[in-house]
Amino acid sequence: YPISEMTFTEENTVYYFKKGAYTIDGMEIPSNSVVYYEPGCVFSVKPLTLDEATGKPAVGDIISSKRTENVKILGRAAFDFSYRAGNDTNFRLAFSFELVKNLSVSGLNSVNSAGWTVCFTNCEDVSVRDLIVIAYRTYSDGVMLSDCKDASVSGCFVRTGDDAMETKSTSSQGYTDNVTFRDNDCWTDKGLGYGVVWETNHDVKNVTFID
């Protein structure tokens, strides 16, 4: 499935994936929608869509939702980034959410993401639960919240070569406030397991790490 078939546009819709094997190069999620994965969904992430001018992968962030609201990602699915980790040096983010209000993400498993794995930027009212992240070497950060407000991350496991459970404030949009990490486990090679990390330029307030 190339990105042209996975750029969803219909709101007030449930996008339902039956269990089975899929090969994709990206997926974009609109406002007021639910993406549901039946347990047993396995996505192999490969660059199916190429830039005509350069011949390089045209898709950057793999699962993304930007400038949206009321988005839910539910069920249980595995995403295998092994091909991109070894072959695509331009690959950036695995799961990217930016300027999203009222967002729930749960049940995603990822293997061998080569860049930052689960990223939230300028989001509000965020719930993240039950993620399993086995990342790939350096700069494969785990769960990152930048300039987010009213967010919780719970019940996740992260294995990464860099920072694992992190928050920061880097953009010009705002600052971090009221973020809770609870009941998470992480294993990192050289970065912070839990913390407020580098690149922070603005206020970070009311960040709590529990259990």
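Up top is the structure these notes are about.
Structural notes, computed from the coordinates.

## As for the overall build of the protein
Summing up its helical and strand segments, the protein has two helices and 18 strands in all. Computed over its C-alpha atoms, the radius of gyration of the protein comes to 16 Å, within 12% of the 17 Å expected for a compact globule of 211 residues. Dimensions of the protein, computed from C-alpha atoms along their principal axes, come out at roughly 40 × 40 × 35 Å. Within the protein, contacts between residues separated by at least 24 positions form 64% of all contacts whose residues are at least 6 apart in sequence. Accessible surface computed for the protein: about 9,800 Å², of which carbon and sulfur atoms make up 46%. Computed over 19 positive and 29 negative side-chain charges, the inter-centroid distance for the protein is 3 Å.

## Brief notes about the packing of aromatic side chains
Across all of its chains, the model carries 16 aromatic pairs by this definition. On the basis of an interplanar angle of 40° and a centroid distance of 6.0 Å, the ring pair of Tyr1 and Tyr22 is categorised as tilted. Taken together, the residues span a long stretch of sequence, with Tyr1 in the segment before α1 (3-6) and Tyr22 in strand β2 (residues 20-24) at a distance of 21 residues. Given the relative accessible area of 45%, Tyr1 is considered partly exposed.

## A short note on unusual backbone geometry
Notably, Asn102 is not glycine yet its phi reads approximately 65°, a positive angle. Take Asn102: it is sitting in strand β6 (residues 95-106). Exposure remark for Asn102: the relative accessible area of 40% places this residue in the partly exposed category. Its identity is not glycine, yet Asn112 carries a phi of approximately 65°, on the positive side. As for its position among the elements, Asn112 is in the loop between β7 (108-111) and β8 (118-121). Among the residues examined, Asn112 registers a relative accessible area of 22% and is labelled partly exposed.

## Concerning a nonpolar patch on the surface
Residues Val111, Ile132, Ile134, Phe157 and Trp187 make up a contiguous nonpolar surface patch of roughly 410 Å² in combined accessible area. By the element assignment, Phe157 lies in strand β13 (residues 157-160). You can call Phe157 partly exposed: its relative accessible area is 30%.

## Describing the pairing of strand β9 (residues 124-129)
Note that β6 and β9 share five bridges and pair parallel. Following the sheet pairing, Lys101 is matched in β9 by Glu124. Looking at chain direction, β9 and strand β12 (residues 149-154) are connected through five bridges and run parallel. Each bridged residue has a counterpart across the sheet, and for Glu124 the counterpart in β12 is Lys149.

## Looking at the environment of Asp183
Within the fold, Asp183 resides in the loop between β15 (176-182) and β16 (185-188). Discounting chain neighbours no more than four positions away, the residues touching Asp183 are Ser154, Gly155, Cys156, Ile210 and Asp211.

## Things to note about the layout of surface pockets
Computed from the structure, the largest pocket encloses a volume of approximately 170 Å³. Around the largest pocket, the lining is made up of twelve residues, and of these Leu99, Val100, Lys101, Asn122 and Glu124 lie nearest the centre. The residue inventory of the lining of the largest pocket, partitioned by class, reads two nonpolar, four polar and six charged.

What counts and how
Residues numbered from 1 in each chain as written. Predicted model: local features only at pLDDT ≥ 70, side-chain atom pairs only at ≥ 80, totals over all residues. Heavy atoms only, no water. Helix = DSSP H or I, 4+ residues; strand = E, 2+ residues; numbered from the N terminus. Rg over C-alpha atoms; globule rule 2.2 N^0.38 Å. Contact = heavy atoms within 4.5 Å. Areas by Shrake-Rupley, 256 points an atom, 1.4 Å probe, with all protein chains shown as cover. Lys, Arg positive; Asp, Glu negative; His and termini not counted. Charge placed at Lys NZ, Arg CZ, Asp CG, Glu CD. Phe/Tyr/Trp six-rings, centres within 6.5 Å; stacked < 30°, edge-to-face > 60°. Buried < 20%, exposed > 50% of the residue type's maximum accessible area, 1.4 Å probe, protein only. Patch = residues over 30% accessible without salt bridge, like charges linked within 9 Å, V, L, I, M, F, W, Y side chains within 5 Å. Salt bridge = Lys/Arg side-chain N within 4 Å of Asp/Glu carboxyl O. Pairing = 2+ DSSP bridges. 1 Å grid on protein atoms, 1.4 Å probe; cavity = no way out; pocket = protein on both sides within 12 Å on 5 of 7 lines; lining within 4 Å. Points joined across faces, edges and corners; volume = space filled by probe spheres on them. Nonpolar A, V, L, I, M, F, W, Y, C, P; charged D, E, K, R; others polar.

By themselves, these are just geometric observations and shouldn't be taken as functional.
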